[in-house]
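# Results of the structural survey
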Amino acid sequence: MNNRELIEKLKTEGILEREEFKCLLGEMTSEDKELLYSCAREIREKHYGKDVYLRGLIEFTNYCRNDCFYCGIRKSNLAADRYRLTKEEILDCTDKGYELGFRTFVLQGGEDMFYSDEDVCDLVSSIKMQHPDCAVTLSIGERSRESYQKYYDAGADRYLLRHETADPVHYARLHPSELSVENRKKCLYDLKEIGYQVGAGIMIGSPYQTDDNVVDDLIFMKELEPHMIGLGPFIPHKDTPFKDEKAGTLEDTLRLLAIVRIMFPHVLLPATTALGTIDPRGREKGILAGANVVMPNLSPKSVRGKYLLYDGKICTGDEAAECRSCMERRMESIGYKVVVSRGDYR
Ligand code: SF4
């Protein structure tokens, strides 16, 4: 089958054989690439029009008990300048974000046990009390099913937990031995069963990643059927064991965004900050490859430069309002529009 036929098959069946997926990930003419992107755009516009959903990202702690080899805030990085936000600081971020038109807040942090389950529940319920028309997304790593249930009962709507790679051998090359892909997957299934809108995802071009790994990731996500999929290029951080590894490319990331959009027509798919970091118009290009979400930063300016998972992160010096209007202009420049909406899965 040629690439055109493969794209058509992916569109009608939502899945391909392993070797067929590998063809789509391999050499491609520029006409075929444009066909792939336009097919992804068409599907995206059928379900979500030209709307782009905003997520207000609040990076509330950069402490982490884990030591993932790729991550700038891993516990072994003694050069990281650690911080935690107080409840008042976090609520101040959500209040400002609400005024700016954000209707989803993403509380993201390392796996920081300083915040007890009760603290997390208190944060979630306080945000929901102040802004009942908003969604709260948590992105705080692996916890017990009981903890996930408590956060859900407190009002959390969504949970982001990239699986990073579905292959145990690849997983072990990116993480220390105490972490396992089995537990990661179990967390995702627990979250889904509890009732969250769930987000999985991977880094594109992470060290040792093969096309077979990426196919395994697509097949795993097809089984999980997540509501959100996070795909960003791997970018090395200077204080990690992967400091000398190559970054993932714009081209590979756009290709995968488009494949994922065609496979999962309804999925909430961010054009990530990492994509904007490797290319000045990376987020616009991501939207044009099928993405429908952007995640401007709402963290206080004083801590922005400290939540550095990778080198060169953009937007660390801007105020929330500047990020918001910058994003609006960027999306308008490509004929899309940022909307004031919770932006739930349809
Ligand atoms: S990737 Fe997440 S869990 Fe791993 S070290 Fe970084 S913040 Fe911690």
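Everything below is about the structure printed above this text.
Residues numbered from 1 in each chain as written. Predicted model: local features only at pLDDT ≥ 70, side-chain atom pairs only at ≥ 80, totals over all residues. Heavy atoms only, no water.

A count of helical and extended segments in the protein gives 14 helices and nine strands. Relative to a compact globule of 346 residues, whose C-alpha radius of gyration would be 20 Å, the protein shows 19 Å and is just as compact. Along the longest, intermediate and shortest principal axes, the C-alpha atoms of the protein span 55 × 45 × 35 Å. Across the 346 residues of the protein, 58% fall into the buried class. A sequence separation of at least 24 residues applies to 75% of the contacts in the protein between residues at least 6 apart. Carbon and sulfur atoms form 51% of the exposed surface of the protein, whose accessible area is close to 13700 Å². Charge centroids of the protein, computed over 49 positive and 58 negative side chains, lie 2 Å from each other. (Helix = DSSP H or I, 4+ residues; strand = E, 2+ residues; numbered from the N terminus. Rg over C-alpha atoms; globule rule 2.2 N^0.38 Å. Buried < 20%, exposed > 50% of the residue type's maximum accessible area, 1.4 Å probe, protein only. Contact = heavy atoms within 4.5 Å. Areas by Shrake-Rupley, 256 points an atom, 1.4 Å probe, with all protein chains shown as cover. Lys, Arg positive; Asp, Glu negative; His and termini not counted. Charge placed at Lys NZ, Arg CZ, Asp CG, Glu CD.)

This next bit is on the environment of Val294. Tracing the sequence through the fold places Val294 in strand 8 (residues 293-294). Taking the C-alpha atoms as reference points, Val294 and Arg283, eleven residues apart in sequence, are found 7.8 Å from one another. With sequence-adjacent residues up to four places away left out, Val294 is seen in contact with Val52, Tyr53, Leu54, Arg55, Ala271, Ile287, Met327 and Met331.

So, on to the nonpolar core. As a rule of thumb, nonpolar side chains are buried together in soluble globular proteins. Core analysis: the largest hydrophobic core is formed by 97 residues, its most contacted members being Tyr151 and Ile259. By residue number, the principal contributor to this core is helix 10 (residues 250-263), which donates nine residues. With near-sequence residues (within four places) excluded, Tyr151 lies in contact with Asp117, Val120, Cys121, Val124, Leu138, Ile140, Arg143, Ala156, Tyr159 and Tyr196. Core analysis: the next-biggest nonpolar cluster, separate from the first, contains nine residues, Tyr53, Met228, Leu268 and Met295 among them. (Core = buried A, V, L, I, M, F, W, Y, C linked by side-chain atoms within 4.5 Å.)

With that out of the way, let us pick up the pattern of salt bridges. Evaluation of the coordinates by the stated rule reveals 38 salt bridges. Across the pair Lys50 and Glu45 runs a salt bridge whose closest N-O atoms are separated by 3.4 Å. Across the pair Asp92 and Lys96 runs a salt bridge whose closest N-O atoms are separated by 3.0 Å. In this pair, Asp92 and Lys96 are both assigned in helix 4 (residues 87-99), four residues apart and thus about one turn of the helix distant. (Salt bridge = Lys/Arg side-chain N within 4 Å of Asp/Glu carboxyl O.)

What follows is about helix 2 (residues 18-25). Within helix 2, burial applies to Glu20, Phe21, Leu24 and Leu25. One face of helix 2 carries all of its buried residues, which in axial projection span an arc of 145°. Tucked into the core, helix 2 has its buried residues touching helix 1 (3-13), helix 9 (211-224) and helix 10. (Arc of directions from axis to C-beta.)

Here the phi dihedral of Glu164 falls at roughly 75°; this positive angle occurs in a residue that is not glycine. We classify Glu164 as buried; its relative accessible area is 8%.

The six strands are arranged 2-3-4-5-6-7 in an open sheet whose pairing can be described as parallel. Both edges of this open sheet fall to strand 2 (56-61) and strand 7 (228-233), since each of them pairs with a single strand only. The mean angle between the axes of side-by-side strands here comes to 20°, regardless of whether they run parallel or antiparallel. With six bridges connecting them, strand 6 (residues 197-204) and strand 7 associate as parallel partners. Among the inter-strand pairings, Ile204 is bridged to a residue of strand 7, identified as Pro233. Of the strands in this sheet, strand 6 and strand 7 are in contact with helix 10, which crosses strand 7 at around 165°. (Pairing = 2+ DSSP bridges. Axes fitted to C-alpha atoms, helices over the stretch in contact; angles between N-to-C directions.)

Next up on the list: helix 1. Of the residues making up helix 1, those classed as buried are Asn3, Leu6, Ile7, Lys9 and Leu10. Along helix 1, the residues classed as buried sweep out an arc of 160° about the axis, all on the same side. Structurally, helix 1 contributes buried residues whose contacts are with helix 2, helix 3 (30-48) and helix 10. Taking the backbone nitrogen of Arg4 as reference, a side-chain oxygen 3.1 Å away marks Asn2 as the first, capping residue of helix 1. Of the residues flanking the end of helix 1, it is Gly14, one or two places downstream, whose phi is positive at about 75°. (Polar contact = N/O pair within 3.5 Å; in protein donor to acceptor, adjacent residues only side chain to side chain.)

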